[in-house]
Protein chains: 2
Amino acid sequence: MLQTPRRTVSIAILLFDGVTALDAVGPYEVLARLPDATVRLVARELGVVCDGAGGLTFRPTATFESHPRPDVVLVPGGPGIEKACRNRDLLDWLAAAHRTARWTTAVCTGALLLGAAGILEGRRATTHWLAHQHLRTYGAQLTHERVVVDEPVITAAGVSAGIDMALTLAGLLAGDQIAQAIQLSLEYAPEPPYTTGSPATASPELIARVRASAQRPA
Amino acid sequence: MLQTPRRTVSIAILLFDGVTALDAVGPYEVLARLPDATVRLVARELGVVCDGAGGLTFRPTATFESHPRPDVVLVPGGPGIEKACRNRDLLDWLAAAHRTARWTTAVCTGALLLGAAGILEGRRATTHWLAHQHLRTYGAQLTHERVVVDEPVITAAGVSAGIDMALTLAGLLAGDQIAQAIQLSLEYAPEPPYTTGSPATASPELIARVRASAQRPA
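What counts and how
Think of each chain on its own: its residues are numbered from 1, step by step along the sequence as written. Each chain takes a letter, starting from A, and each ligand takes a number, starting from 1, following the order in which they are written. Restriction of local features to residues with pLDDT of at least 70 applies here, the model being predicted, together with a cutoff of 80 or more for giving and counting side-chain atom pairs; totals for whole chains, interfaces and linings are based on all residues. Note: side-chain values were computed over all heavy atoms of the structure, leaving out hydrogens and water. Only runs of H or I of at least four residues qualify as helices and only runs of E of at least two qualify as strands under DSSP, and these elements are numbered from the N terminus. Put simply, the radius of gyration uses C-alpha atoms, and a globule should come to 2.2 Å times the residue count raised to 0.38. Each residue gets one of three labels from its accessible area relative to the maximum for its type: buried under 20%, exposed over 50%, partly exposed in between, using a 1.4 Å probe on protein chains only. Contacts are assigned to residue pairs with any non-hydrogen atoms lying within 4.5 Å of each other. Residue burial considers only the protein chains on display, and all accessible areas are found by Shrake-Rupley using a 1.4 Å probe. Interaxial angles span 0 to 180 degrees and are taken between N-to-C directions of axes, which are lines fitted to C-alpha atoms, for helices over the stretch in contact. Any angle that falls under 35 degrees is termed roughly parallel, while one over 145 is termed roughly antiparallel, one within 65 to 115 roughly perpendicular, and all others oblique. Rotating anticlockwise by less than a right angle from the far helix to the near helix defines a left-handed crossing, while the corresponding clockwise rotation defines a right-handed one. In the scheme used here, Gly and all other residues not listed as nonpolar or charged are polar, with Ala, Val, Leu, Ile, Met, Phe, Trp, Tyr, Cys and Pro taken as nonpolar and Asp, Glu, Lys and Arg as charged. One requirement defines pairing of two strands: DSSP has to find at least two bridges between them. The fit set for superposing copies consists of C-alpha atoms from residues with pLDDT of at least 70 in both; the fit itself is least squares. Take the accessible area each of two parts loses on contact, using a 1.4 Å probe, and add the two losses: that sum is the buried area. One speaks of a salt bridge when a side-chain nitrogen belonging to Lys or Arg is within 4 Å of a carboxyl oxygen belonging to Asp or Glu. In protein, a polar contact requires one atom able to donate a hydrogen and another able to accept it; more generally it is a pair of N or O atoms within 3.5 Å, and residues adjacent in sequence count only if both atoms are side-chain atoms. Only the six-membered ring of Trp is used, alongside the rings of Phe and Tyr, when aromatic pairs are assigned; centres must lie within 6.5 Å, and planes under 30 degrees apart are stacked while those over 60 apart are edge-to-face, with the rest tilted. Here, nonpolar core refers to any group of buried Ala, Val, Leu, Ile, Met, Phe, Trp, Tyr and Cys residues whose side-chain atoms link them within 4.5 Å. Multiply 1.5 Å by the residue count of a helix minus one, and that product is the helix's expected span.

## Some remarks on the overall build of chain A
A tally of regular secondary structure across chain A gives 8 helices and 11 strands. At 17 Å, chain A has a C-alpha radius of gyration in line with the 17 Å of a compact globule built from 218 residues. Going through the 218 residues of chain A one by one, you find that 61% of them count as buried. Within chain A, counting contacts between residues at least 6 apart in sequence, those at least 24 apart form 65% of the total. Total accessible area computed for chain A in this model is approximately 8,900 Å², and 48% of it derives from carbon and sulfur atoms.

## With respect to the packing of helix H1 (residues 21–31) of chain A against helix H1 (residues 21–31) of chain B
In contact at an axis separation of 9 Å, H1 of chain A and H1 of chain B are set at 155 degrees when each is read in the N-to-C sense. On the basis of their axis angle, the class for H1 of chain A and H1 of chain B is roughly antiparallel. The hand of the H1 of chain A/H1 of chain B crossing is left-handed. For the pair H1 of chain A and H1 of chain B, contact is made by Ala21, Leu22, Val25, Gly26, Tyr28 and Glu29 of chain A and by Ala21, Leu22, Val25, Gly26, Tyr28 and Glu29 of chain B, respectively. When the residues that make up the contact of H1 of chain A with H1 of chain B are grouped by side-chain class, the tally is 8 nonpolar, 2 polar and 2 charged.

## Here's the deal with the sheet that holds strand S10 (residues 147–150) of chain A
Residues and elements named next belong to chain A. The strand order S5-S2-S1-S6-S7-S11-S10 describes an open sheet built from 7 strands, whose pairing is mixed. The sheet terminates laterally at strand S5 (62–63) and S10, the two strands that pair on one side only. As paired elements, strand S7 (residues 103–107) and strand S11 (residues 153–156) share 4 bridges and run parallel to each other. Bridge pairing links Ala106 to Thr155 in S11. Of the strands in this sheet, strand S1 (9–14), strand S2 (37–43), strand S6 (72–75), S7 and S11 are in contact with helix H3 (residues 88–100), which crosses S6 at around 145 degrees. Contacts from helix H6 (residues 161–174) reach S1, S6, S7, S10 and S11, with the element oriented near 165 degrees to S7.

## Concerning the pairing of strand S11 (residues 153–156) of chain B
Residues and elements named next belong to chain B. Residues Val153 and Thr155 point to one face of S11 and Ile154 and Ala156 to the other, with burial holding for every one of them. Where strand S10 (residues 147–150) and S11 come together, 4 bridges link them in antiparallel fashion. Paired with Val147 across the bridge in S11 is Ala156. What sits between S10 and S11 in their antiparallel hairpin is a turn of 2 residues.

## Topic: the relation of the copies chain A and chain B
Superposing chain A onto chain B requires a rotation of 180 degrees together with a translation of 0.0 Å along the rotation axis, leaving an RMSD of 0.0 Å. Considering both components of the superposition, the chain copies are consistent with a two-fold axis. In this assembly, 100% of the residues forming the interface of chain A have copies in chain B that are likewise at the interface, indicating an isologous arrangement.

## A short note on the interface of chain A and chain B
Each side of the interface is counted separately: chain A has 61 residues, and chain B has 61 residues. Note on chain A versus chain B: buried area summed over both sides is about 5,200 Å², and carbon and sulfur give 60% of it. For the pair chain A and chain B, the interface holds 0 salt bridges. Summed over the shared surface of chain A and chain B, the number is 36 residue pairs in polar contact (both at pLDDT 80 or more).

## With respect to the sheet that holds strand S5 (residues 62–63) of chain B
Residues and elements named next belong to chain B. Spatial strand order, S5-S2-S1-S6-S7-S11-S10: 7 strands in an open sheet with mixed pairing. Bordering the open sheet on either side are S5 and S10, each of which pairs with just one other strand. Bridge count between strand S1 (residues 9–14) and strand S6 (residues 72–75): 3 bridges; the pairing is parallel. Counted as the bridge partner of Ala12 is Val73 from S6. Along the sheet, helix H3 (residues 88–100) makes contact with S1, strand S2 (37–43), S6, strand S7 (103–107) and S11, crossing S6 at roughly 145 degrees. Here helix H6 (residues 161–174) sits on the sheet and contacts S1, S6, S7, S10 and S11; the angle it forms with S7, its principal contact strand, is near 165 degrees.

## Side note on the packing of aromatic side chains
Residues and elements named next belong to chain A. Counting across every chain of the model gives 2 aromatic pairs over all chains. Between Phe64 and Trp93 the ring centres are 5.0 Å apart and the planes differ by 15 degrees, which places this aromatic pair in the stacked class. Placement of the pair is Phe64 in the loop between S5 and S6 and Trp93 in helix H3, with a sequence separation of 29 residues. Here the two residues Phe64 and Trp93 agree in accessibility, since each one is buried.

## Here's the deal with the nonpolar core
If you look at the biggest cluster of nonpolar residues, it comprises 149 residues, and the most contacted ones within it are Leu113 of chain A together with Leu113 of chain B. Beyond its immediate sequence surroundings of up to four residues, Leu113 of chain B is in contact with Leu14, Val75, Ile81, Ala84, Cys85, Leu90, Leu91 and Leu94 of chain B.

## A word on the pattern of salt bridges
Residue and element names in this part refer to chain B. Across all of its chains, the model carries 12 salt bridges over all chains by this definition. Across the pair Asp92 and Arg88 runs a salt bridge, and its minimum N-O distance is 3.3 Å. Of this pair, Asp92 and Arg88 both sit in helix H3, 4 residues apart, which is roughly one turn of that helix. Residue Arg88 is classed as exposed on the basis of its relative accessible area of 53%. Where Asp150 meets Arg123, a salt bridge forms, and the shortest distance between an N and an O atom there is 3.5 Å. One end of the pair, Asp150, is in strand S10; the other, Arg123, is in the loop between helix H4 (110–116) and strand S8 (124–125), with 27 residues separating them in the sequence. Judged by relative accessible area, Arg123 falls into the buried class, the value being 18%.

## Describing H3 of chain A
Residue and element names in this part refer to chain A. Compared with an ideal rise of 1.5 Å per residue, which puts 13 residues at 18 Å, H3 spans 19 Å between its outermost C-alpha atoms and is within 8% of the ideal. Of the positions making up H3, those classed as buried are Leu90, Leu91, Trp93, Leu94, Ala95, Ala97 and His98. Its side-chain oxygen 3.1 Å from the backbone nitrogen of Asp89, Asn87 forms the N-cap of H3.

In structure tokens form, the structure reads like this:
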């Protein structure tokens, strides 16, 4: 008896200089545990990519040219996002990949890159709280949720929200049972030591301090 | 007037082949935001280190020889931990570094390496839930908390617990205000999509499935 071959879902995590490492690695750790999925770190070239905090380097495993049509695109954010938003090769790859992808997703200020590529026009979306005002300039409807699903686009709030986004995406790709198993294998039952993780719960003084010290959105 | 120079806290995140990327990068992203701290990725050699999921490589920024006495040691876990526990150079560096460090810390199965280096004898500690039984063999007192502080040793539960641990550590190193600001800058107000992140809340069936599919602790 012939069996229909199971198709591997190809997932591309975009890398660029100044990417926030956790924006990429949180989702990577979730999505790499999906059965029948291949996660690649995609950049314009195979050279070394430096993270936004300056202490870590990534090595892309695929290029725009070798990997033009992933099933899922994931765009992390970081201090390098402004420069990335002016990179024509990157915007062209992203816009083209979005046209054939099942899901186009962003973490943190990665949403600004979706915006610059014309993907957020008229869509519900979110981004890092420090970058909320930028999102509107791309015609997006800013939505105050941690993970915003506006099929086929998913966006997440700042940095750590990528883990919540990736688990949501895992559920959409492979079903709740598999996503629940991944959450258990990552022992993701978070207990933040403080209640200051969102501007909705942090004090105005703390918000002002973080805003002042952020030269660029994280 | 003379000012006392502020001393930079040196933080060493250990790398080894088969490390779980998020075990290292979650804490990295928190600790790299500390003022007056330098975070280094330390390995025996400066060659490339592959992660446990097989899709990502790290490049260490310091070696055991160049970095023998960090102020803070952080040991991630991962599928490579068993082999790491038999690596004499690694255990020697860890045991020596622990003797002069202010804090020796572990995420996930990184605790087993602390155990193998003789650091957990008689101490309260935790690890990934799949590895609980191994912890006892090192004379540790298994403690069912997500982050266990037994000064000068801190251990955390599986994978994602490294973020909670690093924020706790940030508070101990730099004070609550700075740690709270880091939590806000990472927008760490988690909303896991499921309640299956801990064996205390997951169903027995899901626990059995994850246990069966885990060849080695994550």
